[in-house]
Amino acid sequence: EQNKMVAPSSFHRLKVKCFAGSLFVFCFVLWLPIMVYASPWSVERLVEEPTFGSQVYLREAGVENSKILLLVHGIGDRAGTIWTDLVPELAREYHVVAPDLPGFGRSSKGNHLYSPESYSIFLDWLISRLPDKPVTLMGHSLGGGISLMYSSRYGDKVERLVLIDAVGLLHRLAVGQDFLRQQLKLDLAFPTTVVEKPMGRIASFFLEKVSRIPLSPSLILNSPKMRQKFLAGSPTKIAGLALMESDYSLLLKKCTTPTWLIWGEEDKVASLRIAQVLDWNLPQVKLLTLPGLGHSPMLDDLPLFSTAMQQALKDKVVVGKVQGQPLNGIGSCNNEQDKVFSGNYSSITISNCRGVIMRDVVASNVTIVDSEVVIEATTLKSSTVEPALDILRSKVVVTGADIIAETGTVINQSRIDFAGVRFYTSEAAIKAVGNPSSVLCSSSTKQVDNSYVGLHLNRSLKDNEVL
């Protein structure tokens, strides 16, 4: 009987131990993903903000650190969580702050004007609520455009600016043309001399009609009813259109904050051309390009992006650019393809050539006839009354250039796409002669004496019309 009493008791204890062990294993397996993917944020909360009258979801980490790193995300459902994988590294040195912008993520959404100007006011309110510490601002995509806008307006409150594949700066038509050139490999050929006159009349009629189309995105953006009708009150659509309508032409020279640019070389959303505009125009700037990476390099290759990010957060940037003077050399291209010019020249003549690239050129005068030319990071300084750039029946794309002359550019039956071009002139930045031409300007400026005029427009110019 004694043995009979002992055996069941031992067996019972064994069953209890097995059950407890199984329960522990079950709980461990259940909680393991939570332990592995535990949030790196030490603070997550909703706060009321006055700019849009909304609730903003705010994340913070490393709050004990002495420097603030404010992260501004782009368009997308991930919102501020796009930074999550970077937080453990950043929170070792920075008080990291990452809001979901109003209209995105876990923040309130409404039919508001989600423009870079409004977002910059929101950022200023947010920074005013944070502890009094040096602030570094890092923005991606839309967040880059917002951060650039903020630094242009409130630069004294930012110690360093990091822009990652920022969207904006290019005129909306330039964005469309870039897409056609890069993605569809489509471009329109220019007429030859044989059909110059009849094509000139057709171009005049077409360009005049296009310029009269009553398309005004600003009317849509500034009316809640119109935003609801045409954009369905969607924060994503409103923010995207508002960004494309923003004019940065007079703001770039005001952004004196030391700035680092991090760009995926394969970005199909924010083309490298935007980075080139910023690199040429910002007073203190350094560009880092990441080969093989796209619009969100932190998601494409975290280690490669992290290396570039640490350089952007710690190193100094270049102050100004050293430019030479035009020399006596003469450059020419006749009936050739894919010719490249660089260096210093007195003049360059390009006739009936395709795929020509002028990069890092300093010259007095450039003449382009019946050709397709790309000009980048170039200074044209005319020492005579002749225009610095004379273009006939050609297609020319200029990105990041200084044109210094009484008449900067003379165009005749040509299509010109300027981005980030600074005209220093006493008469005309651009003058049309002969048959009409099409001029597209993005984030460009014209300086006369000590005043600046922004050139962010699409215009058809007839004979003797000037900009």
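Per chain, residues are indexed from 1 in the order of the written sequence. Local features in a predicted model are, by the rule used here, given only for residues with pLDDT of at least 70; side-chain atom pairs are given and counted only at 80 or more, and totals for whole chains, interfaces and linings are based on all residues. The side-chain numbers reported here are obtained from all heavy atoms of the structure, hydrogens and water having been left aside.

**Things to note about the nonpolar core**
Nonpolar side chains tend toward joint burial in soluble globular proteins. Note the following rule: In plain words, nonpolar cores are sets of buried Ala, Val, Leu, Ile, Met, Phe, Trp, Tyr and Cys residues tied together by side-chain atoms within 4.5 Å. Exposure classes here rest on a 1.4 Å probe applied to the protein chains alone. A residue is buried below 20% of its type maximum, exposed above 50%, and partly exposed in between. Strands here mean DSSP runs of E at least two residues long; helices mean DSSP runs of H or I at least four residues long; both are numbered from the N terminus. The contact definition used throughout considers only heavy atoms, calling two residues in contact when any of these lie within 4.5 Å.
Counting 56 residues, the largest nonpolar core has Leu148 and Leu278 as its most contacted members. With 6 residues, the top contributor of residues to this core is helix α3 (residues 116-129). Sequence-distant contacts of leucine 148, that is, excluding residues within four places in its chain, are made with Leu161, Leu163, Leu169, Tyr248, Leu252, Cys255, Leu278 and Leu282. Of all hydrophobic cores here, the second largest spans 37 residues; its members include Phe341, Ile368, Ile416 and Leu455.

**Things to note about the sheet that holds strand β19 (residues 415-424)**
Where we set the bar: Should DSSP find at least two bridges between two strands, the strands are taken to pair. Helix axes use the C-alpha atoms of the stretch in contact, all axes being lines fitted to C-alpha atoms, and the angles between their N-to-C directions lie in the range 0 to 180 degrees.
The mixed open sheet is built from 7 strands, whose spatial order is β11-β13-β15-β17-β19-β21-β22. Two strands in the sheet have a free side with no partner beyond their single neighbour: β11 (340-344) and β22 (451-461). The sheet shows a mean angle of 5° between the axes of neighbouring strands, direction not considered. Across 9 bridges, the pairing between strand β17 (residues 395-404) and β19 is parallel. Note that in β19 the partner of threonine 399 across the bridge is alanine 419. Contacts from helix α10 (residues 272-281) reach β15 (372-381), β17, β19 and β21 (437-448) within the one sheet, and its direction differs from that of β19 by about 20°.

**Let's talk about the pairing of strand β16 (residues 389-392)**
Burial along β16 is one-sided: Leu389 and Ile391 are buried, and none of Asp390 and Leu392, which face the opposite way, are. Bridging between strand β14 (residues 365-369) and β16 involves 4 bridges; their strand directions are parallel. Bridge pairing in β16 places valine 366 opposite leucine 389. In terms of strand pairing, β16 meets strand β18 (residues 407-412) through 4 bridges, oriented parallel.

**Thoughts on the confidence of the model for the protein**
Inclusion rule: Confidence of the prediction at every residue is given by pLDDT, a number between 0 and 100.
Summarising the model, the protein shows a mean pLDDT of 85, and 81% of its residues fall at 70 or more. When the criterion is pLDDT under 50, residues 1-8 qualifies, and its contacts beyond four places in sequence or with other chains add up to 0 contacts. Here residues 29-36 scores under 50 on pLDDT; set against residues more than four positions off or in separate chains, the count is 0 contacts.

**Notes on the state of the cysteines**
Cut-off, in case you're wondering: Pairs of cysteine sulfur atoms within 2.5 Å are identified as disulfides in what follows.
Taken as a whole and judged by the stated rule, the model has 1 disulfide. A sulfur-sulfur distance of 2.4 Å marks the disulfide that ties cysteine 333 to cysteine 353. Around the S-S axis, the bridge from cysteine 333 to cysteine 353 shows a dihedral of about -120° and counts as left-handed. Of this pair, cysteine 333 sits in strand β10 (residues 330-334) while cysteine 353 sits in the loop between β12 (347-351) and β13 (356-363), placing them 20 residues apart in sequence. The pair cysteine 333 / cysteine 353 is uniform in exposure class, with both members buried.

**As for the pairing of β18**
In terms of burial, β18 is largely enclosed, as 6 of its 6 residues are buried. Across 4 bridges, the pairing between β18 and strand β20 (residues 428-432) is parallel. Note that in β20 the partner of isoleucine 411 across the bridge is alanine 432.

**Some words on the sheet that holds β14**
Pairing in this open sheet of 6 strands is parallel, and the strands run β10-β12-β14-β16-β18-β20 from one edge to the other. The open sheet has two edge strands with one neighbour each: β10 and β20. Averaged over all neighbouring strand pairs, the angle between strand axes comes to 5°, with direction disregarded.

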